[in-house]
Amino acid sequence: RKGWGMKILNISKLQIPEVVVIRYKRFTDHRGYFTEHFRKSDLIDKSGIASLKGQGFLQANESYSHKGTFRGLHFQWNPGMGKLVRAVTGSLIDFALDIRKNSPTLGKIIGYGLNAEKESDCSEWIWVPPGFAHGILLIEDSLVEYFCTGEYNPECEAGISPFSDDIDWSICGEQLKNKFDDIAPGTEFISDKDKNGLSLKDWLNDRRSDNFIF
């Protein structure tokens, strides 16, 4: 291929514009493919993504989850933790719930389907900035990679239950919401901590919620 670098094909803002999808190229031939899935100078410095500007990734996480697993909705402060997420194998729906006080989309949740198709000539990241509660629903057994802008601090983490009845699903894609409704309420692959997380109202009434202001 000509030159080096991360070949970004397009950047798409979702229903909440600070959450974006980055599609990048794979270089394929009869052997398989090669790609640079991350390069700081291309993704952070040159991409023009406002919510990524000035961010640095300090921690990388990997999770393997069985089909039907739900993880989330998690968020961190001191430090805040933005997450760049991709499916290495499998298929998942990535969810982001806006918890930023004074935000026009406070309390609204959106979703996006991430799929790892090894024969495809492109792949995708989703960027979920600090100020969002993040979760994933596994449609297949999947391996997921996260680049995080903060180092994990167990003293400064909380979660909102994905079943909290005060989450606003009105701008989430209908098919994604239906998948959630079909799978998540009956799954055995969710922790008690996640299932019994805070309601949105309880979190917003907690003084620690002032860590996230729009």
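Each remark here, short or long, concerns the structure printed above.
Residues numbered from 1 in each chain as written. Predicted model: local features only at pLDDT ≥ 70, side-chain atom pairs only at ≥ 80, totals over all residues. Heavy atoms only, no water.

A. Molecular detail of the nonpolar core. Residues L73, F75, F95, L97, I99, I160 and W203 are the most contacted members of the largest nonpolar core, which totals 25 residues. Every element with two or more residues in this core is listed here: β6 (70-76), β7 (83-98), β10 (132-138), α2 (174-183) and α4 (200-204). Setting aside residues up to four positions removed in sequence, L73 forms contacts with F95, L97, I109, A133, H134, G135, A158, G159, I160, S161, P162 and I167. By size, the runner-up hydrophobic cluster in this structure holds 20 residues, among which are V19, M81, L138 and V144. (Core = buried A, V, L, I, M, F, W, Y, C linked by side-chain atoms within 4.5 Å. Buried < 20%, exposed > 50% of the residue type's maximum accessible area, 1.4 Å probe, protein only. Helix = DSSP H or I, 4+ residues; strand = E, 2+ residues; numbered from the N terminus. Contact = heavy atoms within 4.5 Å.)

B. Local environment of the pairing of strand β2 (residues 20-25). Here five bridges tie strand β1 (residues 8-13) to β2, and the two strands are oriented antiparallel to one another. Among the inter-strand pairings, K13 is bridged to a residue of β2, identified as V20. Taking the residues between adjacent antiparallel strands as the criterion, β1 and β2 are bridged by six residues. Inspection of the sheet shows β2 paired to strand β9 (residues 122-128) by six bridges, in the antiparallel sense. Among the inter-strand pairings, V20 is bridged to a residue of β9, identified as W127. (Pairing = 2+ DSSP bridges.)

C. Structural context of the layout of surface pockets. Taken as a whole, the largest pocket holds about 360 Å³ of empty space. Taken together, 20 residues make up the lining of the largest pocket; nearest its centre are N61, H74, K83, Y146 and E157. Breaking the lining of the largest pocket down by element, the ones donating at least two residues are β5 (59-65), β6, β10, β11 (142-148) and α3 (192-195). Here the lining of the largest pocket is composed, by residue class, of five nonpolar, nine polar and six charged. (1 Å grid on protein atoms, 1.4 Å probe; cavity = no way out; pocket = protein on both sides within 12 Å on 5 of 7 lines; lining within 4 Å. Points joined across faces, edges and corners; volume = space filled by probe spheres on them. Nonpolar A, V, L, I, M, F, W, Y, C, P; charged D, E, K, R; others polar.)

D. Up close: the environment of C148. Positionally, C148 belongs in strand β11. When its relative accessible area of 1% is taken as the criterion, C148 is described as buried. Sequence separation of C148 and G107 is 41 residues, and the distance between their C-alpha atoms is 23 Å. Ignoring any residue separated from it by four or fewer positions in sequence, one finds C148 in contact with G56, F57, L58, Q59, N61, M81, G82 and K83.

E. Region of interest: the side chain of R26. Looking at where R26 falls in the secondary structure, it is placed in the loop between β2 and β3 (27-29). The buried charged residue R26 lacks any salt bridge, with E117 as its nearest oppositely charged partner at 7.1 Å. Reaching out from R26, the side chain makes a polar contact with the backbone oxygen of S120 at a distance of 3.3 Å. (Lys, Arg positive; Asp, Glu negative; His and termini not counted. Salt bridge = Lys/Arg side-chain N within 4 Å of Asp/Glu carboxyl O. Polar contact = N/O pair within 3.5 Å; in protein donor to acceptor, adjacent residues only side chain to side chain.)

F. The side chain of D194, seen in detail. When you line up the elements, D194 lands in helix α3. Among the polar contacts listed, one links the side chain of D194 to the backbone nitrogen of G72, at a separation of 3.1 Å. Setting aside residues up to four positions removed in sequence, D194 forms contacts with F70, R71, G72, H74, S161 and P162.

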